[in-house]
Amino acid sequence: MPSPLPGMDPFLETPDRFPTFHANFITYMQEWLQSRLPDAYSAGSEERAYIETENEREVLRQIVPDVTVRSRDPIATGETVALADPAVAEPLTIVLNDIEIKEHYLSIYHGQHPDERLVAIIELLSPSNKTVGHVGRDLYLQKQREILHGGVHLIEIDLLRSGKHTTAVPLSQLRRKAGEVPYHVCVRAFDTPLVVQVYPIGLRQKLPTIRIPLLPGDGFVRADLQAIFNRTYDAGPFRKRIRYASEELTPPLSDTDAAWVRECVQTATTH
């Protein structure tokens with residue numbers, strides 16, 4: 001069944017759900033593009049990995065499983081324990097709960113190995129990319145700078161209402177043109193570096209069909225983000241896990257938007 005909302009579903013923005021949505025969205029966007037790209041082009045999912053510390057998870061409030069290695073406590077089990085030499089200090093053992101995080105993104109190439117050329121990178125922003133002081137944001141901004149100066153198109157899809165503005169369009173100019181929009185897509189083409197194409201997305205709108213530039217002279221390929229979203233939602237566990245009738249949204253919506261969301265949910269559940 002589809003999401004009860006017509007466009008982006010804000011119930012997916014919670015830190016425990018968004019990673020699943022993120023990975024699946026990239027997968028189905030790759031599927032969408034693969035059959036629509038010209039024969040000389042291909043799309044592939046890639047990943048960057050980093051270690052996320054426990055402190056960073058507290059900032060993000062991520063609900064993720066921690067792996068802790070424990071040994072038996074001989075005192076608790078009644079085993080005989082040799083007395084320690086009082087002259088030798090015994091260290092305290094602290095188990096670190098750092099985990100490896102992997103974020104997926106799409107790359108579009110022209111040609112075949114070993115002569116293939118990277119043409120475009122498509123990013124779906126994650127909560128860590130928009131959290132100040134998080135290693136995921138630092139790595140993302142470093143990669144963003146490299147792309148913008150590396151002869152590669154950059155397409156950034158921001159479907160998160162919370163966090164620090166991150167896409168490669170100045171926030172002041174975005175607001176001047178589009179107003180206060182919850183979501184948007186930013187397209188920076190390497191052959192027109194001073195021109196930014198932005199697709200503003202309202203909460204009550206369907207996700208747009210965007211144009212992804214190819215090499216100069218080859219035009220662009222269209223990506224229907226709403227169709228990709230629908231495929232992602234239908235194939236995922238979201239409908240079965242989200243308590244649409246009672247769950248509080250994070251971040252919260254205005255009273256007007258919250259009432260509209262409740263109306264959409266009620267309509268979807270009674271038809």
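To keep things clear, this report deals only with the structure shown in the data block. (Residues numbered from 1 in each chain as written. Predicted model: local features only at pLDDT ≥ 70, side-chain atom pairs only at ≥ 80, totals over all residues. Heavy atoms only, no water.)

## Brief notes about the side chain of Thr166
- Secondary-structure assignment places Thr166 in the loop between β4 (153-158) and α4 (171-178).
- Looking at Thr166, its side chain comes within polar contact range of the main-chain oxygen of Asn129, at 3.4 Å.
- Among the polar contacts made by the side chain of Thr166, one reaches the side chain of Arg137 at a distance of 2.7 Å. (Helix = DSSP H or I, 4+ residues; strand = E, 2+ residues; numbered from the N terminus. Polar contact = N/O pair within 3.5 Å; in protein donor to acceptor, adjacent residues only side chain to side chain.)

## Some details on helix α5 (residues 225-235)
- Within the span of α5, buried status applies to Leu225, Gln226, Ile228, Phe229, Thr232 and Tyr233. Each buried residue of α5 lies within a common arc of 160° when the element is viewed along its axis, so the set occupies one face.
- On its buried face, α5 is in contact with α1 (18-34), β4, β5 (183-188), β7 (209-213), β8 (220-224) and α6 (238-241).
- Regarding α5, its N-cap is Asp224, as a side-chain oxygen of that residue lies 3.1 Å from the backbone nitrogen of Gln226 further along. (Buried < 20%, exposed > 50% of the residue type's maximum accessible area, 1.4 Å probe, protein only. Arc of directions from axis to C-beta. Contact = heavy atoms within 4.5 Å.)

## Structural notes on unusual backbone geometry
- Across the junction of His113 and Pro114, the peptide omega takes the value 5°, indicating a cis bond.
- Within the secondary structure, Pro114 sits in the loop between β2 (99-110) and β3 (117-124).
- Note the cis peptide between Thr250 and Pro251, where omega equals -5°.
- Looking at the secondary structure, you find Pro251 in the loop between α6 and α7 (255-270).

## Re the nonpolar core
- In terms of nonpolar packing, the biggest core is built from 52 residues, with Phe21, Met29, Leu33, Ile108, Ile212 and Leu225 touching the most fellow members.
- Sort the elements by how many residues they give to this core and α1 lands first, with eight residues.
- The contact partners of Leu225, leaving out residues within four places of it in the chain, are Phe25, Met29, Ile157, Val185, Leu207, Pro208, Thr209 and Ile210.
- With five residues, the next largest nonpolar core counts Tyr105, Ile121, Ile147 and Val152 among its residues. (Core = buried A, V, L, I, M, F, W, Y, C linked by side-chain atoms within 4.5 Å.)

## Side note on the pattern of salt bridges
- For the coordinates displayed, the defined rule picks out eight salt bridges.
- A salt bridge links Arg231 to Glu31; the nearest nitrogen and oxygen atoms lie 2.8 Å apart. Of the two residues, Arg231 sits in helix α5 while Glu31 sits in helix α1, which places them 200 residues apart along the sequence.
- Judged by relative accessible area, Arg231 falls into the partly exposed class, the value being 39%.
- Of the residues examined, Glu31 reaches a relative accessible area of 40% and is grouped as partly exposed.
- Look at the salt bridges and you will find they share partners, linking Arg48, Glu103 and Glu123 into a network. (Salt bridge = Lys/Arg side-chain N within 4 Å of Asp/Glu carboxyl O.)

## A short note on the packing of aromatic side chains
- With the rule as written, the count across this model stands at seven aromatic pairs.
- Note on Phe11 and Tyr244: the rings are 4.8 Å apart at their centroids and 70° apart in plane angle, and the pair reads as edge-to-face. Placement of Phe11 in the segment before α1 and of Tyr244 in the loop between α6 and α7 is noted, with a sequence separation of 233 residues between them.
- Look at Phe21 and Phe25: their rings are 5.6 Å apart centre to centre, the planes differ by 45°, and that puts the pair in the tilted class. Of the two residues, Phe21 and Phe25 are both situated in helix α1; the distance of four residues between them amounts to about one turn of the helix.
- You can call Phe25 buried: its relative accessible area is 0%.
- Grouping aromatic residues by their ring pairs yields a cluster made of Phe18, Phe21, Phe25, Phe229, Tyr233 and Phe238.
- It is Arg36 that lies over the ring of Trp32; its NZ or CZ is 3.4 Å from the centre. (Phe/Tyr/Trp six-rings, centres within 6.5 Å; stacked < 30°, edge-to-face > 60°. Lys NZ or Arg CZ within 6 Å of the ring centre and 35° of its normal.)

## Some points on the pairing of β5
- The element β5 is largely enclosed, with a buried count of six among its six residues.
- Both faces of β5 are covered, namely the face carrying Tyr183, Val185 and Val187 and the face carrying His184, Cys186 and Arg188.
- Two strands pair when backbone bridges link them, and β4 and β5 are joined in this way by five bridges, in the antiparallel orientation. Bridged to Ile155 within β5 is Val187.
- Bridge count between β5 and strand β6 (residues 196-201): six bridges; the pairing is antiparallel. (Pairing = 2+ DSSP bridges.)

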